[in-house]
Amino acid sequence: MKLIIAAIKPFKLEEVREALTAIGVRGMMVTEIKGFGSQSGHTEIYRGAEYAVNFVPKIKLEIVVAASMADQVVDTIQKTAKTDKIGDGKIFVLDVAQAVRVRTGETDSDAL
């Protein structure tokens, strides 16, 4: 099993969710986050005063899938979330040692 963590632009969330559902992803966790990378923030004007916004709003997706499906999920997220502008995000893939469905006690791939 693989854990896929993706940080994407907030307005891309629904499009990415629909694309992942279409390829058979049955669930994901979504968190609103803030961060910076190459984009490194920007400045805004509020009530006449300029101030720096050092952290940019992002959406973090966490998806656990069978190892055989990981490449397809990564490819789908990359194609769907891409805007060709700085700050499109990052995708990380990690190994998952164990999964347990709390309600039934099913484990590993049965828990997905």
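All values reported here derive from a predicted model rather than from experimental measurement.

Cut-offs and rules
- Residues numbered from 1 in each chain as written.
- Predicted model: local features only at pLDDT ≥ 70, side-chain atom pairs only at ≥ 80, totals over all residues.
- Heavy atoms only, no water.
- Salt bridge = Lys/Arg side-chain N within 4 Å of Asp/Glu carboxyl O.
- Helix = DSSP H or I, 4+ residues; strand = E, 2+ residues; numbered from the N terminus.
- Buried < 20%, exposed > 50% of the residue type's maximum accessible area, 1.4 Å probe, protein only.
- 1 Å grid on protein atoms, 1.4 Å probe; cavity = no way out; pocket = protein on both sides within 12 Å on 5 of 7 lines; lining within 4 Å.
- Points joined across faces, edges and corners; volume = space filled by probe spheres on them.

**Overview of the pattern of salt bridges**
Tallied over the full model, the rule gives 7 salt bridges. The shortest N-O distance in the salt bridge between lysine 9 and aspartate 88 comes to 3.6 Å. Residue lysine 9 is located in the loop between strand 1 (2-8) and helix 1 (13-22), and its partner aspartate 88 is located in the loop between helix 2 (70-81) and strand 6 (89-95); the two are separated by 79 residues in the primary sequence. Exposure class is identical for lysine 9 and aspartate 88. Each is buried. Close ionic contact of lysine 82 with aspartate 84 constitutes a salt bridge, the shortest N to O distance being 3.5 Å.

**What about the layout of surface pockets?**
Roughly 390 Å³ of volume is contained in the largest pocket. Lining the largest pocket are 17 residues; nearest its centre among them are Arg26, Gly27, Val64, Ala111 and Leu112. Among the elements that take part in the lining of the largest pocket, strand 5 (residues 56-65) stands out by supplying 4 residues, more than any other. Counted as a void, the second largest pocket has a volume near 290 Å³. Lining of the second largest pocket is provided by 18 residues; of these, Phe36, Gly37, Lys58, Gly89 and Lys90 occupy positions nearest its centre.

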